[in-house]
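Reading the structure
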Amino acid sequence: MSGPATDVHTVRARSDAVYVAGLIVVPILLWEVAVRAGILQSSLAPAPSAVVTAIRGLFEDGLLYDLRVTATYVIVAFLLALITGTVLGVVLAQSERVAQVVRGFLTFLLSIPKSLFLPLFILILGIGALQKIAFGVFSAFAVIVVATMVGISTVDQNLLQMARSQGASRAQMFVKVHLRSMAPTLLEAARIAMILNITGVLIAEMYVSREGLGFLISSYGQTFQVERLLGVIAITSLIGILFNEFLRWCDKRQNRWRGGV
C-alpha cells in the first residue's frame, strides 16, 4: 500500500531522472548543432550522429569479438580482486599491529599511478591474457583490501554478541553479520575498484595487444579515425555506467536489510 511518502519519493526519483537525462541530452544536441553550423570542425569533433553511424560500422566489422575479449579480462580480474582482496582484508583485520604495517604499503599502492608497473608485468608475464588480468587485479586490489579492513572495524558489536549468544559459528558470523554489515563499504569500494580495473585492462591492451577495446582505442587514435575512437569510448563508458548502476541497486537492497536490523 503506497502512502504520501512513497508518492513523494517516486516524484523525486522521476525528477532526478529527467534532470540527469537533460544533462546528457542537452550537451549532445548542442554538440550536434555546433558541428552542423560549422562552429566545431567535424574532423576533430565529429557530430554525435556521425559517431552513431561509426558505432554501427564497428559492430559490422566485428566489435563484438573485441568487446567479449575485454569483458572477459575485466570480469575475471574484478572477481579475483574482490575475492582475494576481501579474504586478505579479513585476515589482516585480525591483528592491529599487522594492519598498521600493511596499511602503509596499501596507501603507497593507492597513491601512485599503476601504469608505472605495466612494463614489469609485461617482462614477467608476457603480453597474453594473463598479463591483462593480472594488471587489472593489481589496479583494483588495494581498494578492496582497505575497504574490507575498514568494514570489519566498523561492525556493530551488539550484532556480534547477539550472534554468539545464538551459537553461531565463526563462518556464520562472517556471512550473516560481518559481510552484510560491511556490504555498503564493500559495494562502494567495488565501484571504485571496477573503474580502476577497467582502466588497468584498457591500458594493458593499449600498450601491447592486438585485440580488445583498448587496442581499438589505441589503433583509431593513431590513425585519426575520430568517429570510431569516440564510438569505442562511448561503448566503454556505457559498460562502466551500467555496472555502476547495478552496484547502486545492490546497495539499495542492503540498505533495506540494515534498516530492518
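Residue positions are given per chain, counted from 1 along the sequence in the order it is written. A pLDDT threshold of at least 70 governs which residues receive local features in this predicted model, and a stricter bar of 80 or more applies before side-chain atom pairs are shown or counted, although totals over entire chains, interfaces and linings include all residues. Hydrogen atoms and water are omitted, and side-chain values are computed over all heavy atoms in the structure.

Per the convention used, a helix needs a DSSP run of H or I reaching at least four residues, while a strand needs a run of E reaching at least two, with both numbered from the N terminus. Broken down by element type, the chain carries 11 helices and 0 strands. Counting from the amino terminus, helix and strand elements in the chain follow one another as α-α-α-α-α-α-α-α-α-α-α. Only protein chains enter the accessibility calculation, which uses a 1.4 Å probe; a residue whose area is less than 20% of its type maximum is buried, one above 50% is exposed, and one in between is partly exposed. The buried share of the chain, taken over its 261 residues, is 36%. For the chain, the exposed area adds up to about 15,900 Å²; of that, 67% sits on carbon and sulfur atoms. Each accessible area is a Shrake-Rupley estimate made with a 1.4 Å probe; only the visible protein chains count as cover when residues are assessed.

Looking now at the side chain of Thr236. Here Thr236 lies in helix H11 (residues 226–260). Given the relative accessible area of 13%, Thr236 is considered buried. Discounting chain neighbours no more than four positions away, the residues touching Thr236 are Ile198, Leu202 and Leu213. We call two residues contacting when some pair of their heavy atoms lies within 4.5 Å.

Right, let's get into a nonpolar patch on the surface. Residues qualify for a patch when their relative accessible area is over 30% and they have no salt bridge, like charges being joined within 9 Å and the nonpolar side chains of Val, Leu, Ile, Met, Phe, Trp and Tyr within 5 Å. The term salt bridge refers to a pairing of a side-chain nitrogen on Lys or Arg with a carboxyl oxygen on Asp or Glu at a separation within 4 Å. Residues Val20, Leu23, Ile24, Val25, Ile28 and Leu29 make up a contiguous nonpolar surface patch of about 530 Å² in total accessible area. Among the secondary structure elements, Leu29 is positioned in helix H1 (residues 4–36). For Leu29, a relative accessible area of 51% puts it in the exposed group.

Attention shifts here to the packing of aromatic side chains. Both the distance between ring centres and the angle between the ring planes are used here to describe each pair of aromatic rings. When the centres of two rings from Phe, Tyr and Trp lie within 6.5 Å, Trp using its six-membered ring, the rings pair. Their planes under 30 degrees apart give stacked, over 60 give edge-to-face, and anything left gives tilted. Counting across every chain of the model gives 5 aromatic pairs. When the ring of Phe78 is compared with that of Phe243, the centres are 5.3 Å apart and the planes differ by 85°; the resulting orientation is edge-to-face. You can see Phe78 sitting in helix H3 (residues 63–93) and its partner Phe243 sitting in helix H11, a full 165 residues away along the chain. Assessed through its relative accessible area of 8%, Phe78 is described here as buried.

Taken as a whole, this structure holds 3 salt bridges when the rule is applied. A salt bridge links Glu188 to Arg191, with the shortest nitrogen-to-oxygen separation between them at 3.3 Å. Here Glu188 pairs with Arg191, and both are found in helix H9 (residues 183–207), just 3 residues apart, close to one helical turn. With a relative accessible area of 38%, Glu188 lands in the partly exposed category.

On to the confidence of the model for the chain. Think of pLDDT as the predictor's per-residue confidence, scored from 0 to 100. The pLDDT averaged across the chain works out to 81; a share of 89% of its residues lies at or above 70. Across the chain, element-level confidence peaks in helix H10 (residues 213–222) with a mean pLDDT of 91 and bottoms out in helix H8 (residues 170–181) with 71.

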